[in-house]
Amino acid sequence: MDYNKRFSIAHFDRFHGEFADTFYHIIKNSAQTYKDNIHDIYFGKYYYYEYNGVQKRLGNPMGVEASDEQIDYLFKLQEEFGIEISLTINTLEFPHEVVFDPKCRMDFVKWIGSYYDRGLRSCTISSTHIMRTGELQARCPDMRWKSTVNQICADAQQFIDFAYLGYNTILLDRSLNRNIKELRRIKRAQDYLNSLNPKKKVLTST
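Read on for an overview of the structure. (Residues numbered from 1 in each chain as written. Predicted model: local features only at pLDDT ≥ 70, side-chain atom pairs only at ≥ 80, totals over all residues. Heavy atoms only, no water.)

**Things to note about the pattern of salt bridges**
Argument step 1. Here the structure, examined in full by the defined rule, presents 10 salt bridges.
Argument step 2. Lys45 is the salt-bridge partner of Asp68, the closest N and O atoms lying 3.0 Å from each other. On the criterion of sequence distance, the pair formed by Asp68 in helix α3 (residues 68-81) and Lys45 in the loop between β2 (38-44) and β3 (47-51) is long-range, its members being 23 residues apart.
Argument step 3. Under the relative-accessibility criterion, Lys45 is labelled buried at 9%.
Argument step 4. A salt bridge links Asp72 to Arg118; the nearest nitrogen and oxygen atoms lie 2.8 Å apart. Linking Asp72 in helix α3 with Arg118 in helix α5 (residues 102-118), this pair joins segments that are 46 residues apart in sequence.
Argument step 5. What makes Asp72 partly exposed here is its relative accessible area of 41%.
Argument step 6. Each of Lys45, Glu65 and Asp68 takes part in one network of salt bridges that share partners. (Salt bridge = Lys/Arg side-chain N within 4 Å of Asp/Glu carboxyl O. Helix = DSSP H or I, 4+ residues; strand = E, 2+ residues; numbered from the N terminus. Buried < 20%, exposed > 50% of the residue type's maximum accessible area, 1.4 Å probe, protein only.)

**Structural notes on the nonpolar core**
Argument step 1. Counting 51 residues, the largest nonpolar core has Leu87, Phe94, Phe108, Ile112, Ile125, Trp145 and Phe159 as the members making the most contacts within it.
Argument step 2. The element best represented in this core is α5, accounting for 7 residues.
Argument step 3. Every residue in contact with Phe94, bar those within four places of it in the chain, is listed here: Leu58, Ile89, Val99, Phe108, Ile125, Ser126, Ser127 and Ile130. (Core = buried A, V, L, I, M, F, W, Y, C linked by side-chain atoms within 4.5 Å. Contact = heavy atoms within 4.5 Å.)

**Some words on the packing of helix α8 (residues 156-165) against helix α9 (residues 180-196)**
Argument step 1. Contact pair α8 / α9: the axes reach a minimum separation of 8 Å and the direction vectors enclose 30 degrees. Taken as axis vectors, α8 and α9 run roughly parallel relative to one another. Once α8 is placed against α9, the crossing between them reads as right-handed. Where α8 abuts α9, its residues Ala156, Phe159, Ile160, Ala163 and Tyr164 lie against Glu182, Arg185, Ile186, Ala189, Gln190, Leu193 and Leu196.
Argument step 2. A class-by-class count of the residues in the contact of α8 with α9 yields 9 nonpolar, 1 polar and 2 charged. (Axes fitted to C-alpha atoms, helices over the stretch in contact; angles between N-to-C directions. Parallel < 35°, antiparallel > 145°, perpendicular 65-115°, else oblique. Left-handed = near helix turned anticlockwise from the far one by under 90°. Nonpolar A, V, L, I, M, F, W, Y, C, P; charged D, E, K, R; others polar.)

**Remarks on the side chain of Asn194**
Argument step 1. When you line up the elements, Asn194 lands in helix α9.
Argument step 2. Residue Asn194 is classed as buried on the basis of its relative accessible area, which comes to 12%.
Argument step 3. Among the polar contacts listed, one links the side chain of Asn194 to the backbone nitrogen of Val202, at a separation of 2.6 Å.
Argument step 4. Other than its neighbours up to four places away in sequence, Asn194 contacts Lys201 and Val202. (Polar contact = N/O pair within 3.5 Å; in protein donor to acceptor, adjacent residues only side chain to side chain.)

**Here's the deal with the packing of aromatic side chains**
Aromatic ring pairs: the centre-centre distance and the angle between the two ring planes describe each pair.
Argument step 1. Using the criterion set out here, one finds 10 aromatic pairs in the structure.
Argument step 2. An angle of 10 degrees between the planes, with centres 5.2 Å apart, marks the rings of Tyr47 and Tyr49 as stacked. The pair Tyr47 / Tyr49 is uniform in exposure class, with both members buried.
Argument step 3. Seen in terms of ring centroids, Phe162 and Tyr167 are 5.6 Å apart; in terms of plane orientation they differ by 75 degrees. Their pairing is edge-to-face.
Argument step 4. For Phe162, a relative accessible area of 11% gives the class buried.
Argument step 5. Among the aromatic residues, ring-to-ring pairing joins Tyr47, Tyr49, Phe94, Phe108, Trp111 and Tyr115 into one connected group. (Phe/Tyr/Trp six-rings, centres within 6.5 Å; stacked < 30°, edge-to-face > 60°.)

**Structural notes on the layout of surface pockets**
Over the atoms rolls a probe the size of a water molecule, and its path tells where empty space is left.
Argument step 1. Estimated volume of the largest pocket: approximately 570 Å³.
Argument step 2. The biggest single contributor to the lining of the largest pocket is β2, with 3 residues.
Argument step 3. Tallied by class, residues from the lining of the largest pocket come to 10 nonpolar, 14 polar and 3 charged. (1 Å grid on protein atoms, 1.4 Å probe; cavity = no way out; pocket = protein on both sides within 12 Å on 5 of 7 lines; lining within 4 Å. Points joined across faces, edges and corners; volume = space filled by probe spheres on them.)

**With respect to a nonpolar patch on the surface**
Argument step 1. A cluster of nonpolar side chains, contributed by Tyr164, Tyr192 and Leu196, occupies part of the molecular surface with about 390 Å² of accessible area.
Argument step 2. Mapped onto the elements, Tyr192 comes out in helix α9. (Patch = residues over 30% accessible without salt bridge, like charges linked within 9 Å, V, L, I, M, F, W, Y side chains within 5 Å. Areas by Shrake-Rupley, 256 points an atom, 1.4 Å probe, with all protein chains shown as cover.)

Below, the structure is given as structure tokens:
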């Protein structure tokens, strides 16, 4: 069976400093057939910022935040082997100021834009409010915006809602694994949306 570009894998390395290149060498030295199976490598990073004189951060990398040096190595993997890397900010709790304060929100958009300028083309973002503004899409027009499984997209209507918010890779909820009837509805919705915009197709993922 062909699994080419099928799997999204995590950057699991929490060892920084002199071991920052460990993950890079694991992937580099792996078999080509293994590398061929990787669709993307997702990594976690906090967004650090100051608001009203208070140092704050946004995100939840679950104890494996990639260091700046490790991110350099991830970009190196992308450049050398064509394996896409994907910034992941899938926490559902976005601070109010990042969502509602225009300056704070645009600073966040600029932060993601700085990775886009380096070549990032995939990002998981959980804030439907920020996606709805269109500011991320305007700053990073060729980015593939991924929803998060935490948003629980469990039917065709939710799939359509996420697509119209600007997500173009939509993660389907695990409850759909054996719900063939609803999966067929989602597939029909996906085909219709992709017929409207064949150059940037909406993909599904699990």
